[in-house]
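Structural description and commentary
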Amino acid sequence: MLKIAITKGRIEKQFTELMKESGFEIESIQNKNRKLCIETKDNFKIIFAKANDVITFIEHGIVDIGIIGKDTLYENDFEDYYEILDLNIGKCYFALCSNKEYKEKEFSKRKKIATKYPKVARAFFEEKKEDVEIIKLEGSVELGPLVELTDAIIDLVETGTTLKENNLEVIERVKEISTRLIVNKVSLKFKSQEIYFFVDQLEKRIKEEKEC
Ligand code: PRP
């Protein structure tokens, strides 16, 4: 039995659709209600978890496969897994964003940057050789410049609606993001056939979609 951890929410919805298009049974996922752990007709055991916890389940060998955003992979220190497939869903990007005055502003003090992704933000400014103060927020990072806590933010942008509705704009694109399929290294040794069958079916569908 193949054990899969799927990131709850947007990724879960898009990945379920991709599974369906790849020929897998998804009714048991659609009818799961509040269940956190289910079995499907294809002999998959699926658990639904928060992104960071998907990595924890991979790290401890609880699941063979994780379905997770590249944003979480960038931010996490655990790297002992194989990233097998770019699923071409959950596409968005990290960006430095602020209000329109930011570009013209002369900064006499260290800039303050709000983010949910301090590791990504630190790496971005280190590359620019800029010393900034990173302030971690847990959500609605856009509040940083809105309430004048920070000068700018490093955050994910998908449609750009949140920025627009809060009078913010992209100053610089930082990194492209999409959902990835990651695999526990030990699982790949012992369940390689099952894993590659699953991966191949998904990959075929992804290619078809790209060709359309
Ligand atoms: C993410 C991100 C932005 C928003 C961008 O937040 O942090 O706030 O989506 O999407 P858009 O460009 O389509 O408007 P999410 O909705 O995951 O919630 P959060 O702010 O609580 O993290």
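As a convention, each chain's residues are numbered from 1 in the sequence order in which they are written. Side-chain atom pairs in this predicted model are given and counted only at pLDDT of 80 or more, local residue features only at pLDDT of at least 70, and totals for whole chains, interfaces and linings cover all residues. Side-chain metrics in this entry use all non-hydrogen atoms of the structure; hydrogen atoms and water are not considered.

The protein chain is annotated in an unreviewed UniProt entry as ATP phosphoribosyltransferase from Candidatus Merdicola faecigallinarum. UniProt positions are given in the numbering used here, feature names are shortened, and annotations may be inferred rather than shown by experiment. UniProt, in its Catalytic activity (unreviewed entry) section for the protein chain, records the words "1-(5-phospho-beta-D-ribosyl)-ATP + diphosphate = 5-phospho-alpha-D-ribose 1-diphosphate + ATP". Here is the UniProt Sequence similarities (unreviewed entry) comment for the protein chain, exactly as written: "Belongs to the ATP phosphoribosyltransferase family. Short subfamily."

**So, the UniProt feature "domain: ATP phosphoribosyltransferase catalytic" (unreviewed entry) in the protein chain**
The residues that UniProt annotates with the feature "domain: ATP phosphoribosyltransferase catalytic" (unreviewed entry) are residues 50-203. Its end C-alpha atoms 24 Å apart, residues 50-203 is made of 34% helix and 31% strand. What counts as a helix is a DSSP run of H or I of at least four residues, what counts as a strand is a run of E of at least two, and both are numbered from the N terminus.

**Some details on helix 9 (residues 192-211)**
The end-to-end C-alpha separation of helix 9 is 28 Å, in line with the 28 Å expected for 20 residues at 1.5 Å each. Listed as buried for helix 9 are I195, F198, V199, Q201, L202, R205 and I206. The buried residues of helix 9 occupy one face: seen down the axis, they fall within an arc of 155°. Turned more than 90 degrees from where helix 9 packs its buried face, Q193, K204 and E211 sit exposed. For a helix, the expected span equals 1.5 Å multiplied by the number of residues minus one. Throughout this description, buried means an accessible area under 20% of the type-specific maximum (1.4 Å probe, protein chains only), exposed means over 50%, and partly exposed covers the range between. Within this analysis, the arc is defined by the directions that extend from the helix axis to the C-beta atoms.

**Here's the deal with the nonpolar core**
Buried residues of nine kinds, namely Ala, Val, Leu, Ile, Met, Phe, Trp, Tyr and Cys, make up a nonpolar core once their side-chain atoms join them within 4.5 Å. Formed by 27 residues in total, the largest nonpolar core has its most connected members in F15, L87, L181 and F198. Of all the secondary structure elements, the ones that give two or more residues to this core are strand 1 (2-7), helix 1 (10-21), strand 3 (44-49), strand 4 (65-69), strand 11 (179-184) and helix 9. For this analysis, residues touch if any pair of their heavy atoms sits within 4.5 Å. With residues near it in sequence (within four places) discarded, F198 still touches L2, I4, F15, M19, F24, F44, I65 and L181. Core analysis: the next-biggest nonpolar cluster, separate from the first, contains 14 residues, F94, V120, F124 and I154 among them.

**Here's the deal with the sheet that holds strand 4**
Pairing between strands is defined by DSSP: at least two bridges between them are needed. In space, the six strands of this open sheet follow the order 2-3-1-4-11-5, with mixed pairing throughout. One side of each edge strand has no neighbouring strand; the edge strands of this open sheet are strand 2 (37-39) and strand 5 (81-86). The mean inter-strand angle of the sheet, taken between neighbouring strand axes irrespective of direction, is 25°. In this analysis, axes come from line fits to C-alpha atoms, helices being fitted only over the stretch in contact, and the angle between any two N-to-C directions falls in the range 0 to 180 degrees. Sheet strands in contact with helix 3 (residues 51-59) are strand 1, strand 3, strand 4, strand 5 and strand 11, and its direction is about 150° off that of strand 4. Taken strand by strand, helix 9 contacts strand 1, strand 3, strand 4, strand 5 and strand 11, and its axis lies near 30° from that of strand 5.

**A word on the site of the ligand**
When at least one non-hydrogen atom of a residue lies within 4 Å of a molecule or strand, that residue is treated as near it. Taken together, 13 residues are adjacent to the ligand, and K116, E142, T159, G160 and T162 come closest. We define a polar contact as two N or O atoms separated by no more than 3.5 Å, with the added condition that, inside protein, one atom must be a possible hydrogen donor and the other a possible acceptor, whereas residues neighbouring each other in sequence contribute only through side-chain atom pairs. Within the side chain of R10, an N or O atom sits 2.9 Å from an oxygen atom of the ligand. A distance of 2.7 Å separates an oxygen atom of the ligand from a polar side-chain atom of E142. Coverage of the ligand by the protein amounts to 71% of the 500 Å² it exposes when considered alone. If you map the ligand onto the pockets, it falls in the largest pocket. Among the elements of the structure, strand 9 (152-157) and helix 7 (161-165) are those that each provide at least two residues to the shell around the ligand. Among the residues forming the shell around the ligand, the class breakdown is two nonpolar, six polar and five charged. Where accessible areas are quoted, they stem from the Shrake-Rupley method and a 1.4 Å probe; at the residue level, only the protein chains shown are allowed to cover. In the cavity and pocket records, a cavity denotes points on a 1 Å grid over the protein atoms alone where a 1.4 Å probe fits but cannot get out, a pocket denotes an open set with protein on both sides within 12 Å along at least 5 of 7 lines, and lining residues are residues with an atom within 4 Å of a point. The rule for placing a molecule in a cavity or pocket is simple: more than half of its atoms must lie within 2 Å of the grid points. By the convention adopted, Pro, Cys, Tyr, Trp, Phe, Met, Ile, Leu, Val and Ala count as nonpolar, Lys, Arg, Asp and Glu as charged, and the other residues, Gly among them, as polar.

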